[in-house]
Amino acid sequence: MGRQVLVTGGTGYIGSHTVVELQAAGYDVVIIDDLSNSTAEVIDNIEKISGIRPAFEEFNLLNNVQLEAFFEKYSDIDAIIHFAAFKAVGESVAKPLSYYRNNLVSLMNILDCMSKYHVSNLVFSSSCTVYGQPDQLPVTENTPKKDAESPYGNTKAISEEILRDVVQVTPQVNVIALRYFNPIGAHPTSLIGELPRGVPGNLVPFITQTAAGIRQQLSVFGDDYDTPDGSNIRDYINVVDLAKAHVIAIDRLINKTNAERFEFFNIGTGKGVSVLEVVHTFEEATGVKLNYKIVDRRPGDVVKIYADTTIANTVLGWKAETSLAETLLSAWNWEKSVRNL
Ligand code: WQD
């Protein structure tokens, strides 16, 4: 029996790609997901990619009775990767309580069960939003955290504080938080990828849906910022590279090579790229001309942020490998496969 890893939110975008990489590394995976933002078809597609069907339990982590029953049933969990959370920035502004309840109580239920069922290792899905608009760039792990731009970002910042405090008083618990920059792209098989419900909030799915003719036109939210071409700058990280960072973090905890009992790493490429650069790179990589227009700024947008990845590269031993062009092409291939284009 390989090492068993629980992946909460494992039918989601980053979760599903991580399940595939965990299986490739020889881990047995069990998924908990309530399918509120994904479908069970993802399980079929994970099996098509890896040849291994992960165990799957459908329920919401707010239900701690079901969660305890889960740990009674799966008594050999060696580690947990906790993805399950609401993650739409705009929606979180409109529905703060549902975001605080869902994202924080789920985490607390997981932590309660780790103590009760003696699970020692947790990898937590965090976000660069904990840095707000940084005063200096690139962002290191020691860059001061700032007020998050949204309740969603705040749930990630508060979650990290909860983890820090719990680790302090729970000697057997070890945690690694991975602070993602902007995850984009899809699996090279085009069998799994990002499938936002309704109108995409994020840039790349909006681009691919515009290229597919599902959206009329891409709106670029401002080109009057203090950046070379006036549009916002971000650090776009390939989702498969990001998934591999989780496997390395799990290895680190299970092999007990973590230096501290609460560690956190910036998971980015280290390269800042503007919105207009993404648009032009997409057009060059795919040969598809994008219909876009410059509109007003989006409230709450950080002007520029990108990672200093020295610590992830040297301490974690992970580095992003996939180019922006290849990543955008993978997103486009996924869109075409979903729409049967
Ligand atoms: C990127 C850039 C927009 C859409 C958020 C969360 C972060 C993470 C990723 C979960 C910005 C511009 C976007 C559009 C545009 N989420 N844009 N037109 O806001 O950097 O990060 O998503 O983990 O936590 O904060 O990502 O893709 O929404 O925007 O011009 O239609 O693209 O202004 O500059 P963001 P995004």
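Residues numbered from 1 in each chain as written. Predicted model: local features only at pLDDT ≥ 70, side-chain atom pairs only at ≥ 80, totals over all residues. Heavy atoms only, no water.

**Some points on the site of the ligand**
Every one of the 18 residues lining the ligand counts as a neighbour, but Leu-203, Ser-219, Asn-232, Arg-234 and Asp-301 are closest to it. Interatomic distance of 2.8 Å between a side-chain N/O atom of Tyr-152 and an oxygen atom of the ligand. Take Asn-182: an N or O atom from its side chain is 2.9 Å from an oxygen atom of the ligand. The protein chains hide 91% of the 690 Å² of surface that the ligand would expose on its own. (Near = heavy atom within 4 Å. Polar contact = N/O pair within 3.5 Å; in protein donor to acceptor, adjacent residues only side chain to side chain. Areas by Shrake-Rupley, 256 points an atom, 1.4 Å probe, with all protein chains shown as cover.)

**Let's talk about the pattern of salt bridges**
Summed over all chains, the structure comprises 17 salt bridges. With its nearest N and O atoms 3.8 Å apart, the salt bridge here joins Glu-91 to Lys-95. Judged by relative accessible area, which is 45%, Lys-95 ranks as partly exposed. For the salt bridge of Arg-298 with Asp-301, the shortest nitrogen-to-oxygen distance reads 3.0 Å. Overall, the relative accessible area of 35% leaves Arg-298 in the partly exposed class. (Salt bridge = Lys/Arg side-chain N within 4 Å of Asp/Glu carboxyl O. Buried < 20%, exposed > 50% of the residue type's maximum accessible area, 1.4 Å probe, protein only.)

**Some details on the pairing of strand S5 (residues 121–127)**
In terms of residue burial, S5 counts as a mostly covered element, since seven of its seven residues are buried. Because side chains alternate across S5, one face comprises the buried residues Asn-121, Val-123, Ser-125 and Ser-127, and the other comprises Leu-122, Phe-124 and Ser-126, equally buried. Relative to S5, strand S4 (residues 77–82) is paired through four bridges, and the arrangement is parallel. Pairing of Ile-80 across the sheet is with Leu-122, part of S5. Sheet topology note: the S5/strand S6 (residues 174–180) ladder contains seven bridges and is parallel. In the strand pairing of S6, Phe-124 is matched with Ala-177. Crossover S5 to S6 through helix H6 (residues 151–169) is right-handed. (Helix = DSSP H or I, 4+ residues; strand = E, 2+ residues; numbered from the N terminus. Pairing = 2+ DSSP bridges. Right-handed = clockwise from strand over helix to strand, strands pointing away.)

**Some words on helix H1 (residues 13–24)**
Over its twelve residues, H1 extends 18 Å from the first C-alpha to the last, a length consistent with the 16 Å expected when each residue adds 1.5 Å. Backbone geometry just downstream of H1 places Gly-26 in the positive-phi region, at approximately 95°. (Expected span 1.5 Å × (residues − 1).)

**Here we look at unusual backbone geometry**
Residue Pro-138 is bonded to the preceding Leu-137 through a cis peptide linkage, with omega at -5°. The backbone phi angle of His-118 is positive, close to 55°, even though this residue is not glycine. Mapped onto the elements of the fold, His-118 is located in the loop between helix H5 (96–116) and S5. Judged by its relative accessible area of 63%, His-118 falls in the exposed class. In this structure, Lys-256 takes a positive phi of about 55° despite not being glycine. Mapped onto the fold, Lys-256 is located in the loop between helix H8 (239–254) and strand S11 (262–267).

**Topic: the domain arrangement of the protein**
What the domain assignment lists for the protein is domain 1 (4–185 + 236–267) and domain 2 (203–234 + 270–306 + 318–334). A separation of 26 Å is found between the C-alpha centroids of domain 1 and domain 2. Listed per partner, the contact involves 21 residues of domain 1 and 20 residues of domain 2. Both sides together, the interface formed by domain 1 and domain 2 hides about 1800 Å², and carbon and sulfur atoms give 67% of it. Interface area lost by domain 1 to domain 2 is led by Leu-137, Tyr-236 and Asp-241, which between them contribute 35%. Between domain 1 and domain 2 we count zero salt bridges in total. Breaking the side of domain 1 that touches domain 2 down by element, the ones donating at least two residues are strand S7 (182–184), strand S10 (236–238) and H8. (Domains from an automatic or database assignment. Contact = heavy atoms within 4.5 Å. Buried area = accessible area lost by both parts, 1.4 Å probe.)

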